[in-house]
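# Coordinate inspection notes
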Amino acid sequence: MPIVKSVSRAVTQLLQSPGCGCGISVVPVRCLGISPRQVASDASFHSVSFSESEHPRVLITGGLGQLGVGLAKLLRKRFGKNNVILSDIRKPADDVFYSGPFIYSDILDYKNLREIVVNNRITWLFHYSALLSAAGEANVPLARAVNITGLHNVLDIAAEHNLRLFVPSTIGAFGPTSPRDPTPDLCIQRPRTIYGVSKVHAELMGEYYHYRYGLDFRCLRYPGIISADSQPGGGTTNYAVQIFHDAIKTGKFQCDLKPDTRLPMMYIDDCLKATLEVMEAPAEALSMRTYNISAMSFTPEELAQEVQKHVPELQVTYNVDAVRQAIADSWPMNFDDSNARKDWGWKHDYDLPELVTTMFSFLGSDSRIAQAN
């Protein structure tokens, strides 16, 4: 019980602060025990297929993070506004609330989540609720509850109700003994963070449920995701978002990683496009259940140089955070995503120059960038 109380207090504190970044929302802990399971030991399930005229009924958990709102917009354009339900445990902003269906959903409340799936006839589920790398290291019990116990609830409900399930993974699923340049889809992983451990667990559990129960599980390992319409949060790659905000607001940026720390990155539009493409790919086209995807790879120094082409007066300093640097040093420098490109035709649209120009076009219309230009 002391663990439950301490985790509950931690949730309250986190919910009073900005989201933890990388699109992923925090959920409150009601119980660290085992939810009632509906999957029999000899069960056999089969994924739902759709004809050209049918649209999936979609639920997005952890939907108020960096990726959920953008994904909902993309899916509503494709499948219709009322076929995509955004959910979270936080109150949405007015523009999000009125843009389409929104409901309260706590992934640690098995009964609540199951009722949502049944009552709304859900057929696709995108599971975005998680604590990220740096935030997870600051509160391991909470990360364990959200990232692992919540996943188990989602897996069991998806298997029971024949859902097509997407769970994002990450560059953080690799560790210091993994090949870093490039990092292939299949290699030793052994991450050193609770976030990475929980994502390897998600990859393996999803693959197990696919082979054991026939669950249509699909997963992409995201690189660092950069977006103009969300604030940086608890991720190790968040410097790549913070630099744009600081360039516009103050003209000064302090980076918490070393200038030569190379990591794979991606603009959010490419990330959302890849997510939809892998979900729509024919099952027979998928040679594996978890794929690397990538677009570019750069260092803080290279990003700063590209930003200074737009804001020449930007001053960049480095104050290395030992925890974040250790995490970054254990992650891939470049992703090998050749299997995604071969199996289902993945192709990115944004390289570093296009990324920087696009970020400033969203953030800088009445800012320092406008003055600089």
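Right above here is the structure, for reference.
Keep in mind that this is a model prediction, so the values were computed, not measured.

### Comments concerning the overall build of the protein chain
Looking only at helices and strands, the protein chain features 14 helices and 13 strands. Of all intrachain contacts in the protein chain linking residues separated by at least 6 positions in sequence, the fraction that spans at least 24 positions is 79%.

### Remarks on the packing of helix α8 (residues 239-249) against helix α10 (residues 300-308)
When two helices pack together, you describe them by how their axes are tilted relative to each other and by the distance separating the axes. Taken N-terminus to C-terminus, the directions of α8 and α10 make an angle of 30°; their axes are 11 Å apart at the nearest point. Taken as axis vectors, α8 and α10 run roughly parallel relative to one another. α10 is crossed by α8, and the crossing has right-handed handedness. Here Y239, A240, I243, F244 and A247 of α8 lie close against α10, whose contacting residues are P300, L303, A304 and V307. Of the residues in the contact of α8 with α10, the class split is 9 nonpolar, no polar and no charged.

### Brief notes about the environment of N147
Turning to its location among the elements, N147 is positioned in helix α6 (residues 140-160). Using a relative accessible area of 6% as the deciding quantity, one classes N147 as buried. Taking the C-alpha atoms as reference points, N147 and G136, 11 residues apart in sequence, are found 9.3 Å from one another. Excluding its chain neighbours within four sequence positions, the residues that come into contact with N147 are A130, L131, Y195 and S198. From its side chain, N147 meets the backbone nitrogen of L131 in a polar contact 2.8 Å long.

### Digging into the pairing of strand β9 (residues 252-255)
Side-chain alternation along β9 places F253 and C255 on a buried face and K252 and Q254 on a face that remains uncovered. The pairing of β9 with strand β13 (residues 315-318) spans 4 bridges and is classified as parallel. Pairing of K252 across the sheet is with Q315, part of β13.

What counts, and where the lines are drawn
Residues numbered from 1 in each chain as written. Predicted model: local features only at pLDDT ≥ 70, side-chain atom pairs only at ≥ 80, totals over all residues. Heavy atoms only, no water. Helix = DSSP H or I, 4+ residues; strand = E, 2+ residues; numbered from the N terminus. Contact = heavy atoms within 4.5 Å. Axes fitted to C-alpha atoms, helices over the stretch in contact; angles between N-to-C directions. Parallel < 35°, antiparallel > 145°, perpendicular 65-115°, else oblique. Left-handed = near helix turned anticlockwise from the far one by under 90°. Nonpolar A, V, L, I, M, F, W, Y, C, P; charged D, E, K, R; others polar. Buried < 20%, exposed > 50% of the residue type's maximum accessible area, 1.4 Å probe, protein only. Polar contact = N/O pair within 3.5 Å; in protein donor to acceptor, adjacent residues only side chain to side chain. Pairing = 2+ DSSP bridges.

Any functional reading would require information beyond the geometric quantities listed.
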